[in-house]
Every structure is written in structure tokens, then in C-alpha cells.
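So you can see what is in the structure, the chains are spelled out below.
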Amino acid sequence: MPYLPLVLFLAVYLFASLAWDMSQLVGAAYLTTSLTCFVAYAIDKSAARSQSWRTPESTLLILGLVGGWPGALLAQQWLRHKTSKQSFQRKFQLTVALNLGAFAWLAWRLGVPA
């Protein structure tokens, strides 16, 4: 079930795009922050392996909160990074829920029927 939030987001995003003619800039912003977040996780995974400077968890969580969580979710699963640390996962899941809630609320409030 690790991909369930991503599937829910895609469904809400698709609905908002079709029902309210949401700007494509929103999708571009999510894509950009997701790619950035994926790269940050990859760099941190590499640093963990080489025992060098690590990206602070707060940075990874903030990147996820501002819209990069889809990339973070994919990085966690594909790179097997930050998946077993439960304290991080609880915080990460909270940031995903907050972002999804904010996205749904803003799409509903700012949405203009197509």
C-alpha cells in the first residue's frame, strides 16, 4: 500500500484538472519539486553509503511538504531509503496528509468550473 497516497493524489489532481480547469503550472510545480526531492533522497542515500555529510531529515520533510512528496515516495520505494525508520515515516506521512489536504482545499476553493 505504499503507493496509495500517490494514486489518491493523481485521482484528485485529475478531477481538479477536468472539473475546474486547473492550471498546468500546478502539475509542473509538483513535477519539479518531486524531481528535486527524488534527487535529494538519492544524494542522501549515496552519502549514507559512503558515510559522508547527510541531508538533514528536516530538509527532506520540507521538500516533501511543499509538493515533492510524490518523488520522495518513489525514492523511498525504489532506492530503499528511509523506509525502515519509523519516526521519519510518521513525520513523512503527516507531511503527505497535510499536502494532500491543502491541495484538495485549494483546488476546491480556487477552482473555476470548466
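Predicted, not measured: the structure shown is a model, and the values here were computed from it. (Residues numbered from 1 in each chain as written. Predicted model: local features only at pLDDT ≥ 70, side-chain atom pairs only at ≥ 80, totals over all residues. Heavy atoms only, no water.)

**Q** What exactly am I supposed to notice about unusual backbone geometry here?
**A** Excluding glycine, a negative phi dihedral is what most residues carry, and trans is how most peptide bonds are arranged. The phi dihedral of aspartate 21 falls on the positive side, at around 50 degrees, and the residue is not glycine. Relative to the assigned elements, aspartate 21 resides in the loop between α1 (4-20) and α2 (24-50). The phi dihedral of glutamine 51 is positive, around 55 degrees, even though this residue is not glycine. Looking at the element boundaries, glutamine 51 is found in the loop between α2 and α3 (57-79). Take glutamine 51: its relative accessible area is 75%, and that puts it in the exposed class. (Helix = DSSP H or I, 4+ residues; strand = E, 2+ residues; numbered from the N terminus. Buried < 20%, exposed > 50% of the residue type's maximum accessible area, 1.4 Å probe, protein only.)

**Q** Teacher, can you tell me more about the UniProt feature "transmembrane region" (unreviewed entry) in the protein here?
**A** Under the UniProt annotation, "transmembrane region" (unreviewed entry) lies at residues 60-79 and 91-108. Counting secondary structure, residues 60-79 comes out at 100% helix and 0% strand; the distance between its end C-alpha atoms is 15 Å. Counted over residues 91-108, helix gives 100% and strand 0%. Its end C-alpha atoms are 26 Å apart. (UniProt positions renumbered as here; feature names shortened; annotations may be inferred.)

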